[in-house]
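# Coordinate analysis (summary)
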Protein chains: 2
Amino acid sequence: MELRQLKYFLRAKELLNFTAAASVLHISQSTLSQQVKQLEIELGTPLFERIGKRIKLTEAGELFHDYALQSVTSANNGFQMLKDLNNMETGELKIGVTFALRQVIATTVKQFLALYPKILVHIVYGTSEELLQKLDNFELDFILSFEEFEKNNSHQYQPLFDSPMVLIGSPESDLKKVNKIRVKDIENLPLALPAKGFSTRKYIDDVFKKKNLNLNISIEVNDIPMLLDLVKSGKYYTILAKTTIQDYDSIIAVPIIQPALMRKGMIISAKDIYEKRAVSEFYKIIDQYTNSPSPVS
Amino acid sequence: MELRQLKYFLRAKELLNFTAAASVLHISQSTLSQQVKQLEIELGTPLFERIGKRIKLTEAGELFHDYALQSVTSANNGFQMLKDLNNMETGELKIGVTFALRQVIATTVKQFLALYPKILVHIVYGTSEELLQKLDNFELDFILSFEEFEKNNSHQYQPLFDSPMVLIGSPESDLKKVNKIRVKDIENLPLALPAKGFSTRKYIDDVFKKKNLNLNISIEVNDIPMLLDLVKSGKYYTILAKTTIQDYDSIIAVPIIQPALMRKGMIISAKDIYEKRAVSEFYKIIDQYTNSPSPVS
DNA sequence: TAACATCAATCGATAAAACCGATTAATAAA
DNA sequence: TTTATTAATCGGTTTTATCGATTGATGTTA
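Treat the numbers as computed from the prediction; the structure is a model and nothing was measured. (Residues numbered from 1 in each chain as written. Chains lettered and ligands numbered in written order. Predicted model: local features only at pLDDT ≥ 70, side-chain atom pairs only at ≥ 80, totals over all residues. Heavy atoms only, no water.)

## Quick notes on the interface of chain B and chain A
The interface of chain B with chain A comprises 27 residues on the first partner and 27 residues on the second. Roughly 2300 Å² of surface becomes buried between chain B and chain A when both sides are summed, with 69% attributable to carbon and sulfur atoms. Per-residue buried area on chain B facing chain A is highest for Glu2(B), Tyr67(B) and Leu82(B); these three make up 24% of the total on that side. If you look at where chain B meets chain A, you find two salt bridges. The partner of Arg4(A) in a salt bridge is Glu2(B), and the shortest N-O contact between them spans 3.7 Å. At the junction of chain B and chain A, the tally comes to five residue pairs in polar contact (both at pLDDT 80 or more). (Contact = heavy atoms within 4.5 Å. Buried area = accessible area lost by both parts, 1.4 Å probe. Salt bridge = Lys/Arg side-chain N within 4 Å of Asp/Glu carboxyl O. Polar contact = N/O pair within 3.5 Å; in protein donor to acceptor, adjacent residues only side chain to side chain.)

## Regarding the protein's contact with DNA strand D
Around DNA strand D, the structure places 23 residues, and the nearest of them are Ser28(A), Thr19(B), Ser33(B), Lys37(B) and Arg50(B). Across the atoms of DNA strand D situated within 4 Å of the protein, the share located in sugar and phosphate is 63%. Only helix H1 (3–15) and helix H3 (29–43) of chain A together with helix H2 (18–25) and helix H3 (29–43) of chain B provide two or more residues apiece to the surface near DNA strand D. Looking at the surface near DNA strand D residue by residue, the class counts come to four nonpolar, 14 polar and five charged. (Near = heavy atom within 4 Å. Helix = DSSP H or I, 4+ residues; strand = E, 2+ residues; numbered from the N terminus. Nonpolar A, V, L, I, M, F, W, Y, C, P; charged D, E, K, R; others polar.)

## With respect to the packing of H2(B) against H3(B)
Residue and element names in this part refer to chain B. Relative orientation of the contacting elements H2 and H3 amounts to 105°, with a least axis distance of 8 Å. By the angle between their axes, H2 is roughly perpendicular relative to H3. Where H2 approaches H3, its residues Phe18, Thr19, Ala21, Ala22 and Leu25 are matched on the opposing element by Gln29, Leu32, Ser33 and Val36. Looking at the contact of H2 with H3 residue by residue, the classes come out as six nonpolar, three polar and no charged. (Axes fitted to C-alpha atoms, helices over the stretch in contact; angles between N-to-C directions. Parallel < 35°, antiparallel > 145°, perpendicular 65-115°, else oblique.)

## Things to note about the side chain of His65(B)
Summarising the element assignment, His65(B) is placed in helix H4 (residues 59–85). Judged by its relative accessible area of 15%, His65(B) falls in the buried class. (Buried < 20%, exposed > 50% of the residue type's maximum accessible area, 1.4 Å probe, protein only.)

## Some remarks on the domain arrangement of chain A
All names here are of chain A. Partitioning chain A into domains gives domain 1 (3–84), domain 2 (88–160 + 264–291) and domain 3 (163–263). A straight line from the C-alpha centre of domain 1 to that of domain 2 covers 28 Å. Opposite the nine residues of domain 1 that make contact, domain 2 presents 10 residues. Carbon and sulfur atoms make up 45% of the area that domain 1 and domain 2 hide from each other, which totals about 880 Å². Our count for the domain 1 to domain 2 interface comes out at zero salt bridges. Scanning the region where domain 1 abuts domain 2 turns up four residue pairs in polar contact (both at pLDDT 80 or more). The dominant element in the side of domain 1 that touches domain 2, judged by the number of residues it contributes, is helix H4 (residues 59–85), at seven residues. Residue composition of the side of domain 1 that touches domain 2, grouped by class: two nonpolar, three polar and four charged. (Domains from an automatic or database assignment.)

## Describing H4(B)
Spanning 27 residues, H4(B) covers 40 Å between terminal C-alpha atoms, matching the ideal 39 Å at 1.5 Å per step. Approximately 30° is the largest bend angle found in H4(B), and it occurs at His65(B). (Expected span 1.5 Å × (residues − 1). Bend = angle between axes of the 7 residues up to and from the residue.)

## Section: the pairing of strand S9 (residues 217–221) of chain A
All names here are of chain A. In this sheet, S9 lies alongside strand S8 (residues 191–194) in parallel orientation, the contact comprising four bridges. Bridge assignment links Ala192 to a residue of S9, and that residue is Ile219. The parallel pair S8 and S9, bridged by helix H8 (residues 199–210), forms a crossover whose chirality is right-handed. (Pairing = 2+ DSSP bridges. Right-handed = clockwise from strand over helix to strand, strands pointing away.)

## Quick word on the layout of surface pockets
All names here are of chain A. When its volume is computed, the second largest pocket comes out at roughly 1400 Å³. Together, 45 residues line the second largest pocket, and Asn76, Asp136, Asn137, Phe138 and Ile273 are the ones closest to its centre. For the lining of the second largest pocket, the secondary structure elements donating two or more residues are H1, helix H2 (18–25), H4, strand S3 (92–97), helix H6 (128–136), strand S6 (155–169), strand S12 (262–270) and helix H10 (277–291). If one sorts the elements of the lining of the second largest pocket by residue count, H4 sits on top with 10 residues. Tallied by class, the residues present in the lining of the second largest pocket amount to 16 nonpolar, 12 polar and 17 charged. Here the lining of the second largest pocket spans two domains, since at least three of its residues come from each of domain 1 (3–84) and domain 2 (88–160 + 264–291). (1 Å grid on protein atoms, 1.4 Å probe; cavity = no way out; pocket = protein on both sides within 12 Å on 5 of 7 lines; lining within 4 Å. Points joined across faces, edges and corners; volume = space filled by probe spheres on them.)

## Let's talk about the relation of the copies chain B and chain A
A rotation about some axis, followed by a shift along it, carries one copy of the chain onto the other. Taken as rigid bodies, chain B and chain A are interconverted by a rotation of 179° and an axial shift of 0.3 Å, the fit giving an RMSD of 0.3 Å. Such a turn and shift between the copies fits a two-fold axis. Measuring from the rotation axis to each C-alpha of chain B, the shortest distance belongs to Ser71(B), at 2.1 Å. Here 100% of the contact residues of chain B are again contact residues in chain A; the copies associate through an equivalent surface. (Least-squares fit on C-alpha atoms with pLDDT ≥ 70 in both.)

## So, the pattern of salt bridges
Residue and element names in this part refer to chain B. All chains considered together, the criterion is met by 20 salt bridges over all chains. Arg50 is the partner of Glu40 in a salt bridge, and the nearest nitrogen-oxygen pair spans 2.9 Å. Of this pair, Glu40 sits in helix H3 while Arg50 sits in strand S1 (residues 48–51), placing them 10 residues apart in sequence. By relative accessible area, Glu40 is classed as buried at 8%. On the accessibility criterion, Arg50 (40% relative accessible area) is partly exposed.

## As for unusual backbone geometry
Residues and elements named next belong to chain A. Gln258 connects to Pro259 through a cis peptide bond whose omega is -10°. You can see Pro259 is positioned in the loop between strand S11 (252–257) and S12. Phi is positive for His26, close to 60°, though the residue is something other than glycine. Tracing the sequence through the fold places His26 in the loop between H2 and H3.

## Some details on the packing of aromatic side chains
Across all of its chains, the model carries 20 aromatic pairs over all chains by this definition. Plain terms: the ring middles of Phe18(A) and Phe48(A) are 5.4 Å apart, the flat faces sit at 85° to each other, and that makes the pair edge-to-face. Within this pair, whereas Phe18(A) is found in helix H2, its partner Phe48(A) is found in strand S1 (residues 48–51), the two being separated by 30 residues in sequence. Taken together, a centroid distance of 6.3 Å and an interplanar angle of 85° make the contact between Tyr274(A) and Tyr67(B) edge-to-face. Of this pair, Tyr274(A) sits in the loop between S12 and H10 while Tyr67(B) sits in helix H4, on two different chains. Here the aromatic residues Phe112(A), Tyr116(A), Phe142(A), Phe282(A) and Tyr283(A) are joined through ring pairs into a cluster of three or more. For the cation-ring pair, Arg102(A) lies above Tyr125(A), with the distance from its terminal atom to the ring centre recorded as 5.5 Å. The side chain of Lys151(A) reaches across the aromatic face of Tyr157(A), ending 4.7 Å from its centre. (Phe/Tyr/Trp six-rings, centres within 6.5 Å; stacked < 30°, edge-to-face > 60°. Lys NZ or Arg CZ within 6 Å of the ring centre and 35° of its normal.)

Shown next, in the form of structure tokens:
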């Protein structure tokens, strides 16, 4: 039994497809097939059930998974910990960010790089769904996102700030006359909203469904700047967290009330993973940012 | 990084001697040397400091140890767990027993084997020191012993019973006239005691030292039956837990008081280790044994 | 139903890597 | 000083991980 084989097994279990897993692992399908078989022989029990050309995990495979993951994770953690000892000379930091928190990362990453110029920072934008999967595959150190609806026991959550949802319109719109708006008053406004898959969109849908209100959606877009461009044009309104539009000009935003819609900004990371120094340093900077006098919210 | 290399590292760290470690691992010294070096290169930092022909662990090595151990342990646990699924068809059970608890294991192992005849049981006698080291090397599943003085955070302890310490003499000795004896009355009796290294001996030494009493030791032996033979001969007394002499005839034993000396029988096992079914089944039998109407004590 | 696409297993060959024995160099012990 | 002990290194051998090609089984589509 070797870590190599455990890693192969984990990937095969995840994808339930030897060919695809081999490709991800940059080995041939034949190699993967042989290595898994060898592991099974050593363990004395099959880990996969071969049904025709399909594979599915056996009960033994299911049970073995946790141990294999723990073993691989521990080795990785030890490796990461040692890299840290070299005082972040060669560090790398991979951060997943949802589109809604673009402003948070834009500000903090500059401060971080000023302090630690040798660290290579990767920023990956995506929907929370995409990012959470990458987190589970060890492709990200942490995620900046709004609160998740379904919390997962293998993740840990650090709340950062509360951000009110706002209705956004062009400076020529009727919004200039009010300083707040009720949920039910939004019902008949023509909306441009983030596409399905965005957590903000899911949040909006849930709220309106619960109150039995309709949404008058004209356009769905999976890009926030384009959404705001549409709003600026004057025809449409949109709904976002105030944090999301912090640095945009030429728009008007008013808080939504009855009920007041709030979203929690969060750091999501994987439990049981060694926390690199670069990661904890970044957390500190985010903390400063969110605790400074009304940086967001 | 492979489990093989982590195992090599752990053994080398334990023995601080590549030649000896290689021998235990059944590989050549040159192979061990190369594999450790390769691991060090991959980790980007030396794990051992080479001072002439000596080696000692670097700080990095010290830190890395816990992760390596965790990784290897998890893989082993997964392996053990799967073996268990085969319903103990090929099980093996390794039990360490201190001499003092000979009677406990003698009775329980018979019952266990009657229930699970296919399990191969190894029983290893030794001092607690020897046995604890074997436990840490995964050479034992658990230990039956009296309570340890220095508890170790990587072990877990299950108390079984309390056994009073007794003064033991021949049927012709003056002990027949009394039914208990004070600690300070033992001071001038000629004693045959277990040798240094026995936990019972350490316990006795500690008690007498604390009370500023002398021990009049005539003979030290590292074998309990011989100790009792000497006692039977009439010249000497000895001190043991009552449990230890449970099935011996032709001796007289009286409890020691002021203070009453008691020892706790214990199961000691390693934390974070998968508990085989054979092990939990054995625990059940020991439980029955110690909870039955005065089996020991 | 026939042709095609997809997938895991298997085979033979190759490249990589673990391993060994012998030797060297350093150093501790006698 | 001599001897014994120990880790590193070198060259050669064995083992094994890997690959590409093929097979056979099984879905999928025309």
